[in-house]
Amino acid sequence: MNPLGELLTPDDIRLDLDVSTKTQLLEQIAALLAVRQGLSKSVIFDSLTAREQLGSTAMGHGVAIPHARMSQCAGVAAVFVRTKLPIPFDAPDGKPVSVFLGLIVPNQANERHLRLLATAAGMLDDRNFRSTLKTASSPKTVSDLLEAWPDTPPARG
């Protein structure tokens with residue numbers, strides 16, 4: 001199983017979240033991750049915001065991977081959020097974003113962090129997979145899709 005499929009359960013997935021700004025979205029992701037890690041929502045929010053200030057984590061095609069490495073974080077945590085309507089997120093293609101994968105990892109987890117980001121980028125770069133995520137009707141369906149993604153994606157041709 002891929003590293004994201006191992007992390008995300010239906011409890012870590014929110015669909016049709018009603019937010020309209022990047023700040024509101026990051027607050028919601030921080031709140032979800034705070035529950036998973038037993039950390040302060042504001043500490044996580046500040047870390048995610050600081051990372052976004054370095055450059056947007058939006059990839060284009062309506063997806064973003066807000067993430068942060070944190071000294072206070074004891075383990076890796078992830079959440080998947082799909083917003084009710086796409087929101088502006090400074091994407092390289094200029095399009096608004098509706099699919100978000102939020103990640104926090106301990107500072108020392110460099111290799112794991114990079115592997116998670118690479119897996120997420122591969123998943124979310126796949127047009128058919130993105131489309132399926134955008135129309136999935138339940139957190140369980142999203143969880144099953146993320147879990148089923150191969151650990152080594154098929155070669156592109």
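Higher on the page you've got the structure.
Residues numbered from 1 in each chain as written. Predicted model: local features only at pLDDT ≥ 70, side-chain atom pairs only at ≥ 80, totals over all residues. Heavy atoms only, no water.

Asker: So what's going on with unusual backbone geometry? Which residues, and what values?
Answerer: Unlike most non-glycine residues, Asp16 shows phi in positive territory, near 60°. By the secondary structure assignment, Asp16 is in strand 1 (residues 13-17). One non-glycine residue with positive phi stands out, namely Asp90, at about 55°. Within the secondary structure, Asp90 is located in the loop between strand 5 (77-87) and strand 6 (97-106). (Helix = DSSP H or I, 4+ residues; strand = E, 2+ residues; numbered from the N terminus.)

Asker: Tell me about the nonpolar core, residues and numbers included.
Answerer: Judged by nonpolar contacts, the single largest core of 27 residues is most densely connected at Leu25, Ile29, Ile44, Phe89, Phe100 and Ile104. Those elements giving two or more residues to this core turn out to be helix 2 (22-37), helix 3 (41-54), strand 4 (67-70), strand 5 and strand 6. Looking at which element gives the most residues to this core, the answer is helix 2, with seven residues. Other than its neighbours up to four places away in sequence, Ile29 contacts Leu48, Pro66, Val79, Val81, Phe100 and Gly102. Val105, Leu116, Leu117 and Ala136 belong to the second largest nonpolar core, which has 26 residues in total. (Core = buried A, V, L, I, M, F, W, Y, C linked by side-chain atoms within 4.5 Å. Buried < 20%, exposed > 50% of the residue type's maximum accessible area, 1.4 Å probe, protein only. Contact = heavy atoms within 4.5 Å.)

Asker: Help me get a handle on the pattern of salt bridges, residues and values and all.
Answerer: All chains considered together, the criterion is met by five salt bridges. For Asp12, the salt bridge identified is with Arg36, shortest N-O distance 2.7 Å. Of this pair, Asp12 sits in the loop between helix 1 (3-7) and strand 1 while Arg36 sits in helix 2, and the two are 24 residues apart along the sequence. Note on Arg36: relative accessible area 37%, which makes it partly exposed. (Salt bridge = Lys/Arg side-chain N within 4 Å of Asp/Glu carboxyl O.)

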